[in-house]
Amino acid sequence: MRIAICPGSFDPITLGHLDIIRRASLLFDLVIVAVTVNPNKTPSFSVEERVELVRRCTESFSNVQADCCDGLLADYAKEKNACALVKGLRAVTDFEYEFQMALINKQLNPELETVFMTTSSAYMYLSSSAVRQVAGYGGDVSQFVPPQILEDVVSRFSAERSQNNERECKRPTQHD
Ligand code: PNS
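Residues numbered from 1 in each chain as written. Predicted model: local features only at pLDDT ≥ 70, side-chain atom pairs only at ≥ 80, totals over all residues. Heavy atoms only, no water.

Chemist: For the overall build of the protein chain, give the residues involved together with the corresponding values.
Modeler: In terms of helices and strands, the protein chain carries six helices and five strands. Across the protein chain, helices and strands are ordered from the amino to the carboxyl terminus as β-α-β-α-β-α-β-α-β-α-α. Looking at the protein chain alone, contacts between residues at least 24 apart form 77% of all its contacts between residues at least 6 apart. When the accessible area of the protein chain is evaluated, it comes to approximately 10,600 Å², of which 51% is carbon and sulfur surface. Of the side chains in the protein chain, 18 bear a positive and 23 a negative charge, and the two mean positions are spaced by 1 Å. (Helix = DSSP H or I, 4+ residues; strand = E, 2+ residues; numbered from the N terminus. Contact = heavy atoms within 4.5 Å. Areas by Shrake-Rupley, 256 points an atom, 1.4 Å probe, with all protein chains shown as cover. Lys, Arg positive; Asp, Glu negative; His and termini not counted. Charge placed at Lys NZ, Arg CZ, Asp CG, Glu CD.)

Written as structure tokens, this is what we have:
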């Protein structure tokens, strides 16, 4: 059985991610979408929420599972018996960072291959951070995230906006 891992923060999962996951599911027997925990980042969605959002978007794919990974991917891949990490490459700007990670992962787990998949041109510009920014300003993200999670994204960012507005209103006015 050929098992691949699609790793990422998925904060939140976008249509671009889903496209890579779907195409990977056609090449491998099982694809595990590994939602990673990065202690240096404060995500908009908790890791449990991100796994749940990925699960909801991928439930129609019979050979895709969602899980979380809070350690090294090289170790996680060994534990899951995976032969490959699948990464989407959007542009040359992604390449240097991804190339470095692929070499480090190969060093840590020589049996693990990193497979780069070209992002579909429709999603070249798309990233979770762009989604967070547009949603943060109340913009329409329906063309960027899967419909199954649109409501979650909209309500998370409208709640954040109201909290920020409340904070702004409570702040004492500065007089010169
Ligand atoms: O979606 P992102 O944030 O670009 O994904 C980055 C990710 C998850 C691929 C990277 O942070 C990662 O590999 N995290 C797991 C920790 C790890 O194995 N680090 C060593 C790789 S050099």
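Chemist: How would you explain the sheet that holds strand S5 (residues 113–118) if you had to name every residue and give the values?
Modeler: Picture the strands of a sheet paired through backbone hydrogen bonds; they go either parallel or antiparallel. The sheet built from five strands is open, its strands ordered S3-S2-S1-S4-S5 with parallel pairing. With partners counted over all chains shown, the strands left at the sheet margins are strand S3 (64–69) and S5, one partner each. The mean inter-strand angle of the sheet, taken between neighbouring strand axes irrespective of direction, is 30°. Examined bridge by bridge, strand S2 (residues 30–36) and S3 share six bridges and lie parallel to one another. (Pairing = 2+ DSSP bridges. Axes fitted to C-alpha atoms, helices over the stretch in contact; angles between N-to-C directions.)

Chemist: Before we move on, can you summarise the site of the ligand with the specific residues and values?
Modeler: In the vicinity of the ligand, the contacting residues are Gly8, Ser9, Thr36, Lys41, Gly71, Leu72, Leu73, Lys87, Met101, Ile104 and Asn105. Here an oxygen atom of the ligand and a side-chain polar atom of Ser9 are 2.5 Å apart. Contact between the ligand and Leu73: an oxygen atom at 2.8 Å from a main-chain N or O atom of the residue. Relative to its unbound accessible surface of 550 Å², the ligand loses 73% to contact with the protein. Applying the majority rule of atoms within 2 Å of the grid points places the ligand in the largest pocket. With three residues, the single largest contributor to the shell around the ligand is helix H4 (residues 92–108). When the residues that make up the shell around the ligand are grouped by side-chain class, the tally is four nonpolar, five polar and two charged. (Near = heavy atom within 4 Å. Polar contact = N/O pair within 3.5 Å; in protein donor to acceptor, adjacent residues only side chain to side chain. 1 Å grid on protein atoms, 1.4 Å probe; cavity = no way out; pocket = protein on both sides within 12 Å on 5 of 7 lines; lining within 4 Å. Sits in = over half its atoms within 2 Å of the grid points. Nonpolar A, V, L, I, M, F, W, Y, C, P; charged D, E, K, R; others polar.)

Chemist: How would you summarise the packing of aromatic side chains if you had to cite specific residues and measurements?
Modeler: This structure, assessed with the given rule, holds four aromatic pairs. Ring geometry for Tyr125 against Phe144: centres 6.1 Å apart, planes inclined by 70°, an arrangement best described as edge-to-face. One end of the pair, Tyr125, is in the loop between S5 and helix H5 (128–136); the other, Phe144, is in the loop between H5 and helix H6 (150–170), with 19 residues separating them in the sequence. By relative accessible area, which is 14% here, Phe144 ends up buried. A network of ring pairs unites the aromatic residues Phe95, Phe99 and Phe116 as a single cluster. (Phe/Tyr/Trp six-rings, centres within 6.5 Å; stacked < 30°, edge-to-face > 60°. Buried < 20%, exposed > 50% of the residue type's maximum accessible area, 1.4 Å probe, protein only.)

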